[in-house]
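A closer look at the structure
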Amino acid sequence: MESVIEVHGLEKSFGSTVALNGLDLSVARGEVHGFLGPNGAGKSTTIRILLGLIRADGGSARVLEGDPWRDATELHKRLAYVPGDVALWPMLSGGEVIDLLGRMGGGIDGARKLSLIERFELDPTKKCKTYSKGNRQKVALIAALAANAELLILDEPTSGLDPLMEAEFGRVIKEDAGNGRTVLMASHILSEVEALCERVSIVRTGRIVESGTLDDLRHLTRTTISARLVSVPPDLGELNGVHDLAVDGTTVDFQVDQAALESALRAITAAGVISLVSRPPTLEELFLRHYQGASL
Amino acid sequence: MNGIAGLGQMIRMVLRRDRIQLPIWILVIGMLPAGVASAFIGLYPTDAALRAAAVTIESNSAFVAFLGPVQSPTLGGLVVWRIGAALSVLVGIMSVLLVTRHTRAEEQTGRRELIGSTAIGRQAPLAAAVVVGLAANLVAGLLIVAGLLQAGLDVGGTMAFALAIVTVGWLFVGIAAFAAQVPDSSRTSNAVGMAVIGASFALRVAGDAGRASGAEWLSWISPIGLAARVGAFAGERWWPIVVLALLAVVLLVVSFAISDRRDVGSTLVPTRLGPAEAGPSLRSAWALGWRLQRGLAVTWTAAFLVFGLLLGAFADGFGALMDETPTLSDVITRLGGSSIFTNAYLASMLSVASGVAAAHGLQAVLRLRGEESDGHAEVILAGSVDRRSWVGSHLLFGAVVPVIDIVVFGAAMGLSFGISVGDLTQVFRVVGSALVYVPASWVMVGLALLVFGAIPRRSGLGWAALGVALILTLLGGALNLDQWLLDLSPFTHTPSLPGGAPGLLPVIVLLAVAGALAGSGLMAFGRRDLE
């Protein structure tokens with residue numbers, strides 16, 4: 001699989017603050033990749049290195065097979081970016097900014113721009129200083145989504161958007177993925193990542209702690225089981241790999257590690273199952289597991 | 001009136017934020033008069049020496065135009081003459097920057113909204129900025145009084161001088177408070193304030209230069225001219241002080257009335273809609289640079305044009321004024337006729353213009369820092385724009401606008417002077433002289449770019465450097481400073497044309513220094529992280 005972004009052992013410090021501490025990241029062509037982590041974990045720093053806006057202290061980074069620092073201008077013709085904090089020129093209209101950003105990058109698809117302006121319900125004649133945060137976000141999104149770019153780098157793309165616009169954004173990204181565009185999407189909104197991304201990388205204090213497809217990640221973690229039983233097996237709580245057991249009469253709720261799933265199921269079927277619901281771990285549970293107890 | 005609820009807290013916040021720059025401003029303004037007084041005591045130890053100095057000054061048209069007439073041939077009179085105009089400009093700049101920083105700039109960034117959501121009264125933020133502004137001028141005035149009394153000057157003159165300076169400062173607090181209500185960006189508010197300061201200074205100069213041709217009234221309508229009319233140490237007149245204070249009160253009352261009625265963040269000038277699509281020319285960082293800089297450039301150029309025409313018209317009036325003074329005409333004839341006064345006048349006007357043009361150049365080039373801290377640079381450089389083009393798109397203006405400003409000013413001055421003496425070739429002579437004033441302002445622009453490239457968070461140092469350079473060149477002599485200190489300012493090295501010796505070497509050295517500074521700045525920015 002061809003790699004669009006390839007990062008190894010990336011390091012970056014700002015004074016005495018270590019922002020990145022050996023970060024690895026790999027994004028394959030055509031995938032929508034979720035880049036997850038809480039505030040201050042290093043997502044934006046990584047993105048700014050990938051854009052050649054700041055220089056890494058150590059490690060290597062390749063974007064579209066180029067050096068993000070040295071080949072910045074060439075690479076930027078092939079990618080589009082939505083910053084985490086969208087700041088626009090107060091005296092320019094939204095329409096002017098969209099066109100300008102497109103022209104300063106690798107060009108813009110006029111028809112697509114018009115359709116996106118309509119879909120996101122943006123008034124492009126307003127001066128940027130009069131836009132709300134959500135509308136500024138739309139300007140940056142439309143400019144990036146309408147750009148003739150093979151790679152989109154989006155930092156918290158839906159911040160400030162209302163739920164309707166968030167859903168519209170999701171549809172556009174899915175269409176894009178269908179058209180073979182690669183998307184790197186930094187976010188801490190897990191439901192959004194879960195809905196849009198095939199693969200995710202979870203970053204914590206400047207390192208990737210987990211990376212893979214959502215399915216892969218789920219295998220690494222616990223399944224939640226709720227069951228009504230004929231009787232509760234007395235040793236269920238003692239089984240290796242069973243966690244957070246809650247017993248309410250003959251109803252049990254627990255989480256079980258992937259490896260212990262079989263023995264846990266044996267135990268409850270032996271006790272007689274009336275009904276059973278099993279749920280794969282949500283991304284949120286996955287995420288919380290990595291951060292629980294961690295000093296952020 | 002609960003409109004000013006929380007005023008104390010707001011004042012503490014203003015003081016806390018300005019804890020470094022405000023004391024520097026107040027100290028510089030407060031100490032300068034005593035510094036000049038002690039230098040003059042050394043230079044002119046006797047009454048006779050003071051009188052001789054006053055006569056020499058009166059015979060120099062450039063001095064009189066630039067600083068006004070000496071109103072009394074005493075130590076106090078000379079100190080007031082030498083430093084009065086400069087202090088008026090300094091308190092003006094301090095007041096305008098201070099008030100704008102804590103009013104319109106706060107609204108523009110949205111911090112005012114956050115304050116507005118707390119239990120702080122509607123008028124408290126403006127009131128806090130105004131109170132601190134008035135107090136800062138007052139404290140500077142007290143320092144002036146202390147310094148001049150220490151130097152042995154009499155109480156009446158000292159009080160009159162300090163009060164004149166304080167009330168000019170207050171008037172500019174009022175002007176800035178008003179300017180903060182009207183436009184919607186702090187840049188515009190500051191520009192309005194600075195324009196009023198510039199106009200006040202130029203009107204005063206024109207009034208003093210045009211005394212012979214009955215244009216003295218120009219001086220009277222200028223706050224700075226009005227303050228000079230107090231005539232400290234020369235039989236003080238107190239009413240100009242009262243007029244200045246009353247004007248300040250009127251402006252403040254109007255500002256508070258507007259501020260009480262208008263919405264937070266709103267402006268008296270409504271925002272128009274823009275085009276839905278960018279025009280075909282808006283397609284690069286260069287085009288964006290032009291778009292961001294053009295308004296400022298046109299305004300400055302227009303100001304240079306107007307003041308050039310105004311100041312040129314009186315260049316000849318000077319010769320006439322000199323010829324009427326019998327004791328002086330002898331001296332003048334010996335020195336080579338009245339044209340040397342006209343030349344000295346033109347040269348000193350060009351010199352000041354080059355300082356102001358450098359400020360415009362600095363404003364243009366430091367737009368880079370503004371674009372960076374506003375987050376705009378990130379968006380541009382994430383496009384297919386290399387760092388040199390982006391820096392170039394603003395550096396170009398930093399380099400070109402001083403040239404345009406100085407040339408337009410020179411041409412305008414040459415034109416109106418040429419018309420008054422019936423010799424239009426003066427235009428070429430003055431423009432030719434004007435060009436040698438450009439390299440010094442380029443040095444300041446280059447230095448600002450280096451600071452931006454190497455230590456972006458300290459970009460304000462560019463302005464500090466310009467302030468120091470101008471104070472050294474304009475006041476260094478009066479403070480009796482060592483030559484090596486004066487030599488630190490690039491403006492010191494500009495040949496004094498027309499009339500002076502046209503030295504090519506200093507011009508070449510200044511050009512080389514400017515180039516080296518700008519080059520290193522560009523290189524430093526190429527290597528550093530964007531913030």
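Before going into details, it helps to say that this report is about the structure given with it. Going along each chain's sequence as written, the residues are numbered from 1 onward. Each chain takes a letter, starting from A, and each ligand takes a number, starting from 1, following the order in which they are written. For a predicted model such as this one, the threshold for reporting local features is a pLDDT of at least 70, and the threshold for listing and counting side-chain atom pairs is 80 or more; totals across whole chains, interfaces and linings nevertheless cover every residue. In computing side-chain properties, one takes all heavy atoms of the structure into account and sets aside hydrogens as well as water.

Examining the side chain of His76(A)
- Tracing the chain through its elements places His76(A) in helix 2 (residues 72-76).
- Using a 1.4 Å probe on the protein chains alone, a residue whose accessible area is under 20% of its type maximum counts as buried, one over 50% counts as exposed, and one in between counts as partly exposed. Judged by its relative accessible area of 2%, His76(A) is buried.
- Polar contacts, as used here, are pairs of N or O atoms within 3.5 Å; protein pairs need one atom able to donate a hydrogen and one able to accept it. Residues neighboring in sequence count only if both atoms are side-chain atoms. There is a polar contact of 2.8 Å between the side chain of His76(A) and the backbone oxygen of Gly383(B). Here a helix means four or more residues in a row that DSSP labels H or I, a strand means two or more in a row labelled E, and each is numbered from the N terminus.

What to know about the interface of chain B and chain A
- Residue contacts are counted whenever heavy atoms from the two residues lie within 4.5 Å of one another. Of the residues lining the interface, 38 residues belong to chain B; the matching set on chain A comes to 38 residues.
- Taken over both partners, the interface formed by chain B and chain A buries close to 3,100 Å², and the fraction arising from carbon and sulfur atoms is 57%.
- The three residues of chain B that bury the most area against chain A are Glu378(B), Val379(B) and Ser384(B), which together make up 18% of that side's buried surface.
- By convention in these notes, a salt bridge is any Lys or Arg side-chain nitrogen within 4 Å of a carboxyl oxygen on Asp or Glu. Run the count over chain B and chain A and you get four salt bridges.
- Measuring nitrogen to oxygen at the nearest pair gives 2.4 Å for the salt bridge that ties Lys12(A) to Asp529(B).
- At the junction of chain B with chain A, the criterion picks out 24 residue pairs in polar contact (both at pLDDT 80 or more).
- Sorting elements by how many residues they give to the side of chain B that touches chain A places helix 19 (residues 376-381) of chain B first, with five residues.
- Residues are grouped as follows: Ala, Val, Leu, Ile, Met, Phe, Trp, Tyr, Cys and Pro are nonpolar; Asp, Glu, Lys and Arg are charged; every other residue, Gly included, is polar. Taken together, the residues that form the side of chain B that touches chain A break down as 15 nonpolar, nine polar and 14 charged. Accessible surface is computed with a 1.4 Å probe, and the buried area is the amount of it that two parts give up when combined, taken over both parts together.

Details of the nonpolar core
- Counting residues in hydrophobic clusters, the biggest one holds 114 residues, and the most contacted among them are Ile5(A), Trp89(A), Leu145(A), Phe169(A) and Trp390(B).
- Leaving out residues up to four positions away in the same chain, Phe169(A) has contacts with Phe120(A), Leu141(A), Leu145(A), Leu154(A), Pro157(A), Thr158(A), Leu161(A), Met185(A) and Leu196(A).
- Take the buried residues of types Ala, Val, Leu, Ile, Met, Phe, Trp, Tyr and Cys, join any two whose side-chain atoms come within 4.5 Å, and each joined set is a nonpolar core. Counting residues in hydrophobic clusters, the runner-up holds 106 residues, among them Phe66(B), Ala85(B), Leu252(B) and Ala478(B).

Here we look at unusual backbone geometry
- With an omega of -5°, the peptide bond running from Leu497(B) to Pro498(B) counts as cis.
- Relative to the helices and strands, Pro498(B) resides in the loop between helix 24 (483-486) and helix 25 (504-527).
- At Leu64(A), a position not held by glycine, the phi torsion is positive, near 50°.
- Summarising the element assignment, Leu64(A) is placed in the loop between strand 4 (58-63) and helix 2.
- In this structure, Glu121(A) is a non-glycine residue whose phi angle is positive, near 50°.
- Looking at the element boundaries, Glu121(A) is found in the loop between helix 4 (110-119) and helix 5 (133-145).
- By relative accessible area, Glu121(A) is classed as exposed at 59%.

Such coordinate-based values are descriptive only and should not be taken to indicate function.
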